[in-house]
Amino acid sequence: MSKTILVTGASRGIGYETALKLASENHTVIATARSQDKLQELSNTAENGKIIPVTADLTKPEDITKIAAAVESTKGLDGLINNAGAVHRQAFMDTDIEVFKKLMDVNVYGIVRLTQALKPHLRKGSHILNISSMSGYQGSLKFGGLSAYGAAKAAVVGLSEVLSAEFAEDNIAVNCLCIGAVQTEMLENAFPGFEAPVSPQQMGSYIANFILTGHQFYNGKVLPVALNDPS
Ligand SMILES: NC(=O)c1ccc[n+]([C@@H]2O[C@H](COP(=O)([O-])OP(=O)(O)OC[C@H]3O[C@@H](n4cnc5c(N)ncnc54)[C@H](OP(=O)(O)O)[C@@H]3O)[C@@H](O)[C@H]2O)c1
């Protein structure tokens, strides 16, 4: 059966491929990011009119209202993929507190704003999937220079677990994937030259499948999706 799924951070990388995969399986996708041109290209690539682009900055409350308005014109959401994110790599002692605030704003408060705005539109039996990172997964191998990013991604983990408890009575599942290296612009910016073992297409397919089926098996779970051992 065709579902309606909202994907944030859909203008490139993992979100772009997740949106394309869902549309190719005939699901309706509301795709958001700040880059209007890239969202339009995504929508055109899908060809079957299954991708509805909504240009929005998740740090701006007025843009959150815009996304909610687009969702209102649907019959409700079956899935919300909070995938948008930003990274910053710098030694902790040189990282200004403003950088911490900026990364929290995009990676964490963006999820908070959007989830609060869309909760009334999430159907019973729907699934919220938050995309975190191995940088925020307790006990995994960490890399210096990612303190602001790791702190924000760890906050996504905690937020996901609490929301799963709170939303259970509404029959809305919440899970969190802590993913490992995927070959995207974000990875290239943070670790130039590093070759990831997973492509955005592969991870997009995995996430597309997980939003549709994961909540039949998991709720309130924080799952490492990485080839390296989280030791
Ligand atoms: N790639 C990896 O190795 C890796 C590893 C672990 C976790 N992750 C996580 O996976 C997710 C996707 O990462 P990616 O590698 O695909 O990154 P990416 O290629 O840099 O894409 C990030 C997406 O987030 C959007 N975005 C950034 N700031 C935004 C804002 N203020 N408002 C709205 N949208 C915003 C960007 O769109 P616009 O610029 O058009 O707004 C873009 O579509 C992120 O949460 C990331 O932390 C990635």
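Please refer to the structure placed before this passage.
Computed from a predicted structure; not experimentally measured. (Residues numbered from 1 in each chain as written. Predicted model: local features only at pLDDT ≥ 70, side-chain atom pairs only at ≥ 80, totals over all residues. Heavy atoms only, no water.)

Undergrad: Could you give an account of helix H7 (residues 200-213), with specific residues and numbers?
TA: For H7, spanning 14 residues, the distance from its first C-alpha to its last is 20 Å, which sits close to the expected 20 Å at 1.5 Å a residue. Taken residue by residue, H7 has Pro200, Met203, Gly204, Ile207, Ala208, Phe210, Ile211 and Leu212 as its buried positions. On its buried face, H7 sits against strand S1 (4-8), helix H1 (13-24), strand S4 (77-82), strand S5 (122-133), strand S6 (173-179) and strand S7 (222-225). (Helix = DSSP H or I, 4+ residues; strand = E, 2+ residues; numbered from the N terminus. Expected span 1.5 Å × (residues − 1). Buried < 20%, exposed > 50% of the residue type's maximum accessible area, 1.4 Å probe, protein only. Contact = heavy atoms within 4.5 Å.)

Undergrad: I'd like a description of unusual backbone geometry, backed by residues and values.
TA: Phi is positive for Asn26, close to 75°, though the residue is something other than glycine. Turning to its location among the elements, Asn26 is positioned in the loop between H1 and strand S2 (28-33). Located in the positive-phi region is Asn171, a residue other than glycine, with phi close to 60°. Within the secondary structure layout, Asn171 lies in the loop between helix H5 (147-167) and S6.

Undergrad: Before we move on, could you go through the packing of aromatic side chains and cite the residues and values that matter?
TA: Per the stated rule, a full pass over the model turns up five aromatic pairs. Note on Tyr206 and Phe210: the rings are 6.2 Å apart at their centroids and 25° apart in plane angle, and the pair reads as stacked. Taken as a pair, Tyr206 and Phe210 lie in helix H7 at a separation of four residues, close to a single helical turn. Put simply, the rings of Phe143, Phe191 and Phe194 pair up and form one aromatic cluster. (Phe/Tyr/Trp six-rings, centres within 6.5 Å; stacked < 30°, edge-to-face > 60°.)

Undergrad: Hey, could you go over the pattern of salt bridges for me, with residue numbers and the actual values?
TA: Using the criterion set out here, one finds six salt bridges in the structure. The salt bridge partner of Glu98 is Lys101, with a shortest N-O separation of 3.6 Å. Of this pair, Glu98 and Lys101 both sit in helix H4 (residues 97-118), separated by three residues, roughly a single helical turn. The exposure class assigned to Glu98 is partly exposed, which follows from its relative accessible area of 47%. Between Arg113 and Asp105 there is a salt bridge, with the nearest N and O atoms lying 2.6 Å from each other. Under the relative-accessibility criterion, Arg113 is labelled partly exposed at 23%. (Salt bridge = Lys/Arg side-chain N within 4 Å of Asp/Glu carboxyl O.)

Undergrad: Give me the sheet that holds strand S3 (residues 51-55): which residues, what numbers.
TA: The strand order across the open sheet built from seven strands is S3-S2-S1-S4-S5-S6-S7, with neighbouring strands paired in parallel fashion. Each edge of the open sheet carries a strand with a single partner, namely S3 and S7. Averaged over all adjacent pairs, the angle separating strand axes in this sheet is 20°, with direction ignored. In this sheet, S6 lies alongside S5 in parallel orientation, the contact comprising seven bridges. Note that in S6 the partner of Ile131 across the bridge is Leu177. In the packing of H1 onto the sheet, contacts are made with S1, S2, S3, S4 and S6, and the angle to S1 comes to roughly 165°. Its contacts with the sheet place H4 against S1, S4 and S5, and it is angled at close to 170° to S4. (Pairing = 2+ DSSP bridges. Axes fitted to C-alpha atoms, helices over the stretch in contact; angles between N-to-C directions.)

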